[in-house]
Amino acid sequence: VQLLALAYFLAQAYEIRLFAVREYGKVIHEFDPWFNFRAAQYLVDHGWHKFINWFDTKVWYPLGRPVGHTIYPGMQVAASVIYHSLQALGTPMSINDVCVFIPAWFGVSATFLAGALTREATQSNAMGLAACAIMAVIPAHLMRSVAGGYDNESVAVTAIILTFYCWCRSIRNPTSWPVGFATGFAYVFMVASWGGYVFVVNLVALHAAVVALSFMARDKDEELKGLHKAYSLFYVIGVAGAIQIPVVGWTPLKSLEQIAALLVFLGLQVLAFCASKRGKMTFLEYNMLRFKIAAVALSALVVVAACLWPTGYFGPLSSRVRGLFVKHTRTGNPLVDSVAEHQATSPDAYWNYVHYCGYWAVPGIVIAAANAAVPPGRGAATSFLMLYLAVTYYFSSKMTRLVLILGPPTAMAGGIFVGWLFDQVGAPLEEDEPADNKVAEAKPAEPEPDAKQAGKKGKAKGKAAPSPKKKPAKNGNDIQEALKYFKTKDGRNIRAGIGAVVLLGMWSFWGSFQKHSWELAEYSLSHPSIMYKVRLRSGEQVILDDYREAYFWLDSTTRPSARIVAWWDYGYQITGIGNRTSIADGNTWNHEHIALLGKALVSPQPKAHDILRHIGDYVLVWAGGGGDDMAKSPHLARIGNSVYPDTCGEEDPTCSKFGFDQFGPTPMMQRSLLYRMCKEGQKEGGKEVTVNPKYFKLSFVSKYGKVRIYEIQNVSKESKTWVRENRDPSGRGHYPPALQALLSTKQDFAQVEDFNRKGGKKNAYTRYVEESGGR
């Protein structure tokens, strides 16, 4: 029955993730997945060696990008392995289709692993199955695991839970430490899959430190030795593997974000050394030895750190990580602040993504803690779940995107509560305690040694004599009697009745949660965004496919060497679907290059043309309302102003002069290239908006007017030739000489609490955020 239930939940996990495929076909979704697909295609076509050394000159023109050294390749490797395995098995599938289905396949895997981790912590099959049932459909996980959403997180969540399961399994008991090998390799896969690996290594390190302190306080040397071996295997294998990934390199040993894991590793080595020197020491003497050796080790560590710090050895915290801890709700980086999913999570978002599970998780964690306290409970694994839930809740409250990592622990804690209720219902089926146990309970306790004998025994061991035992408090007896009663036949029947009543009361809430999850998956989370259903004024429902139509036009009509200017959001689609060179994309590795693009698009036509004719052949804009370029344009202005202060002026850090007021578009917006391209042919203030054909000529308008493409007139052939002929041997390009005058006016970017800068002036927007307290 339990196996059938598990199979059903896994089938549900797969089914709920296929709405997009049934509705729109096998289509890659959104923006980032198009880069991931293009990279997977490159790996399959060219092999690992060329992939890892791939310098892509079709992106970030004219600079290019060393993709092989700036990508987390785990997802592409997974796609390649699956693709070749299917070929070998005689069931070939295109790499596009493999990439489409990977999120659903890994979503099923994550569901199974969530149940396994819950089972590991609670020793209850019912709790593990309930966790599977919730994890299968919880929207916090669905948001990044529907078919077509080929993004890093779709694979990474599975890698996260696998790492955590192996970690908890490796510290189940003192002899479980060899599982640490599996923990290390699972972590390497996690590192290769997503930049969120920093969260994983720090959570494991935090838990190892907490468990080590617990073992030290209870003088459990054998358990501490097992913990030391398990963590050492995890850390050594994990770090050694992580270093092999080019985008990571030596950061595990240099980054402030990961230094805590290194310190825990070193601390456990100190404890292991102390354990080897213990001999016949008393507990007090042993702790004194620990203190002395720890003090020496800490002093040496401080000296080493003091020597390395001035050299710049330690890397800074990233703006996104700082944003999780500093008081600001904005980071001082207008690019980071412009992304909606980097904002704090609202109560409505929590309700949308975890629903009633958020309420079930609270009693679930309490039940898990209570079970762990009763031998032979697995306190280490349970404490890990408690930390997992607490830490992910904190981080998710700081950034909407991180609700994703809150999904699994919420499902596990909620599953513990639901599974516990089922365990109570099944209590009458439990076997009575063996007669031996009852005899043991009935057997009178052995007489206590008198104080004199106890004193001699204590002195012999070098310990103080214990005081005579006191009789247990009445309350303690009452609790013990109650626990014994609930194990009797009558008590089990009462538990079953209570559990059944609560389950019946929860039935409507469970149904509401299921209904909410399935509807959200079908009507919201499964929309590819690159195409979607709309209802025309005539009442007819159609699929709006303007965006792909525009990219197909680029691929079929423009020259293969054409360079397409567009806001960075669309870069991945331009290269992935349109197969043309883009100026910037979602990698956002170069803030100053994006600022140049933003400045050009919000400038008046003549000034914009003076910039764009040297780096592009066409300009692509999203128009037609909704999330078009007009809605995003204030962010473009702020980002441009953060590097080129003359865009809006130092006195206007938020670029308030670029936008809409009660009279319509401001003068600066009316003059901007972006506004004129998006609004051409419409009337504003009684005048028709036009684009000067001397600078830009309209070449394409999509079926429903969502995309417009303009050809840049009088493109500088000299600049294009210069860029092509002056690339470095690696392929890296440089800005043409014609742009040097403009580039000389830029201000090096700095943001709130920027550890990279030693002096220098911060941009106006960053100063504004600091002065306003980040509000």
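Above: the structure in question.
Residues numbered from 1 in each chain as written. Predicted model: local features only at pLDDT ≥ 70, side-chain atom pairs only at ≥ 80, totals over all residues. Heavy atoms only, no water.

1. A closer look at the pattern of salt bridges
Here's step 1: Applying the stated rule across the entire model yields 21 salt bridges.
Here's step 2: Linking R548 and D545 is a salt bridge whose minimum nitrogen-to-oxygen distance equals 3.0 Å.
Here's step 3: The partner of K657 in a salt bridge is E651, with the nearest N and O atoms 3.3 Å apart.
Here's step 4: Residues joined by salt bridges that share partners form a network here, namely D219, D221, R278 and R290. (Salt bridge = Lys/Arg side-chain N within 4 Å of Asp/Glu carboxyl O.)

2. Some thoughts on the state of the cysteines
Here's step 1: Applying the stated rule across the entire model yields one disulfide.
Here's step 2: Between C648 and C655 runs a disulfide, and the two sulfur atoms are separated by 2.1 Å. Linking C648 and C655, the disulfide has an S-S dihedral of approximately 110 degrees and is accordingly described as right-handed.
Here's step 3: Among the residues examined, C648 registers a relative accessible area of 3% and is labelled buried. (Disulfide = S-S within 2.5 Å. Buried < 20%, exposed > 50% of the residue type's maximum accessible area, 1.4 Å probe, protein only.)

3. Section: the pairing of strand β10 (residues 696–701)
Here's step 1: Pairing of β10 with strand β11 (residues 707–712), which is carried by five bridges, proceeds in the antiparallel orientation. From the neighbouring strand, L698 faces β11, where its bridge partner is Y710.
Here's step 2: Following β10, the chain reverses through five residues before pairing antiparallel with β11; G705 in that reversal takes a positive phi of roughly 75 degrees. (Pairing = 2+ DSSP bridges. Helix = DSSP H or I, 4+ residues; strand = E, 2+ residues; numbered from the N terminus.)

4. A look at helix α30 (residues 629–643)
Here's step 1: A rise of 1.5 Å per residue sets the reference length of α30, with its 15 residues, at 21 Å; its end C-alpha atoms lie 21 Å apart and thus fit the reference within 8%.
Here's step 2: The largest bend in α30 amounts to roughly 25 degrees and is located at H635.
Here's step 3: For α30, the buried fraction is high: twelve of the 15 residues fall into the buried class.
Here's step 4: Where α30 begins, one side-chain oxygen reaches toward the backbone nitrogen of M630, 3.2 Å away; that side chain belongs to D628. (Expected span 1.5 Å × (residues − 1). Bend = angle between axes of the 7 residues up to and from the residue. Polar contact = N/O pair within 3.5 Å; in protein donor to acceptor, adjacent residues only side chain to side chain.)

5. Some details on the sheet that holds strand β4 (residues 581–582)
Note on sheets: strands pair through backbone hydrogen bonds, and any given pair is parallel or antiparallel.
Here's step 1: The mixed open sheet is built from five strands, whose spatial order is β4-β3-β5-β11-β10. Single-partner strands in this sheet number two, and they are β4 and β10.
Here's step 2: Across the sheet, helix α26 (residues 546–557) lies against β3 (563–565), β5 (618–622), β10 and β11, angled at about 25 degrees from β11, the strand it touches most. (Contact = heavy atoms within 4.5 Å. Axes fitted to C-alpha atoms, helices over the stretch in contact; angles between N-to-C directions.)

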